[in-house]
Amino acid sequence: MRSRWTCCGASSAHQTDRELAASLASANLVKAGRMGMDMVVNCAACYNRSKVANYEMVHSEDMRRAVAESLGEPYDGSVPVRHFVEILLKDVGVAALRKKITSPLTGLKAAAYYGCYLVRPPEATNFDDPENPTILERLIEVTGAENVEWSGKVECCGGMQNLTRTEITVRRSAAVIDMARAAGAECIVVACPMCQISPRCEAGRHGEAPRAGNTICSSVYPYTASRSRARHVTPGTRVRQAHGGSRQPC
């Protein structure tokens, strides 16, 4: 399976050719179907493109026909696509995860950041409430950290424009960081690699990360890192030591 893996087309294909985008994502889904397995992904863009491909296969006969022609075989959109966060919450469960926590991140104020790919379009992803998702907050609570209420949890970071329209990424990522900081967050916890990269790149581009008062810029963690920290950091250890800094308020 690994040697025959196909790029899902994010982020370029769906901006230029819908049939190509659906075909690239469906190619992987067909392979997973042959194995009799669900597809589990940890990238929000891969999750989104795979879920959208499934949606289009079910709802568009023309797209289904075009994809079958591209792949040389039919695909009906029936292979389940699941995000790793969904696996943790729905399959493993909060109770089981909580038992693994040995050093809770008590007192750490975290902003759960979903970005746009996990929750939109809601008719295709069906991930959570598209305007006010809470699945990531429920997992953050497991680590002992404190969720902060903020208005930017489903805002776009501009990550998909990073190479072609860098100014958009800079502007959008800065807005996300500013909103999290204004809400009192000490870190941003993400479930999307692009949403982790873009704010860090924005901070590094302007040299903001080392400055006092801007430490949140370099404190953008995937959920798995936060959970690992809660499991393995000894009591009293500063949360950001492994990331080259001490934990400081914004």
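Remember, predicted model here, so these are calculated numbers, not experimental data.

With that out of the way, let us pick up the pattern of salt bridges. This model, assessed by the stated rule, comprises 10 salt bridges. A salt bridge links E61 to R65, with the shortest nitrogen-to-oxygen separation between them at 3.1 Å. Of this pair, E61 and R65 both sit in helix α4 (residues 61-71), separated by four residues, roughly a single helical turn. Among the salt bridges present, the one from E137 reaches K153, with a minimum N-O distance of 2.5 Å. Of this pair, E137 sits in helix α8 (residues 135-143) while K153 sits in the loop between β4 (146-147) and α9 (166-182), placing them 16 residues apart in sequence. When its relative accessible area of 11% is taken as the criterion, E137 is described as buried.

Next up on the list: unusual backbone geometry. Cis geometry marks the peptide bond from R120 to P121, where omega comes out at -5 degrees. As for its placement among the helices and strands, P121 is situated in the loop between β3 (109-113) and α7 (122-125). Positioned with a positive phi, N126 is a non-glycine residue whose angle comes to about 50 degrees.

Our focus in this paragraph is the packing of aromatic side chains. In this structure the tally under the stated criterion is two aromatic pairs. Aromatic side chains Y47 and F127 sit 5.8 Å apart centroid to centroid with 80 degrees between the ring planes, which places their arrangement in the edge-to-face category. Residue Y47 is found in helix α3 (residues 44-59), and its partner F127 is found in the loop between α7 and α8; the two are separated by 80 residues along the sequence. In this structure F127 comes out as buried when scored by relative accessible area, which is 5%.

A few words now on the packing of helix α2 (residues 18-34) against α3. With their axes 9 Å apart at the nearest point, α2 and α3 run at an angle of 105 degrees to one another. Between α2 and α3, the crossing angle belongs to the class labelled roughly perpendicular. Contacts between α2 and α3 pair R18, A21, A22, A25, S26 and L29 from the former with R49, S50, A53, N54, E56 and M57 from the latter. Partitioning the contact of α2 with α3 into residue classes produces six nonpolar, three polar and three charged.

Scoring rules and cut-offs
Residues numbered from 1 in each chain as written. Predicted model: local features only at pLDDT ≥ 70, side-chain atom pairs only at ≥ 80, totals over all residues. Heavy atoms only, no water. Salt bridge = Lys/Arg side-chain N within 4 Å of Asp/Glu carboxyl O. Helix = DSSP H or I, 4+ residues; strand = E, 2+ residues; numbered from the N terminus. Buried < 20%, exposed > 50% of the residue type's maximum accessible area, 1.4 Å probe, protein only. Phe/Tyr/Trp six-rings, centres within 6.5 Å; stacked < 30°, edge-to-face > 60°. Axes fitted to C-alpha atoms, helices over the stretch in contact; angles between N-to-C directions. Parallel < 35°, antiparallel > 145°, perpendicular 65-115°, else oblique. Contact = heavy atoms within 4.5 Å. Nonpolar A, V, L, I, M, F, W, Y, C, P; charged D, E, K, R; others polar.

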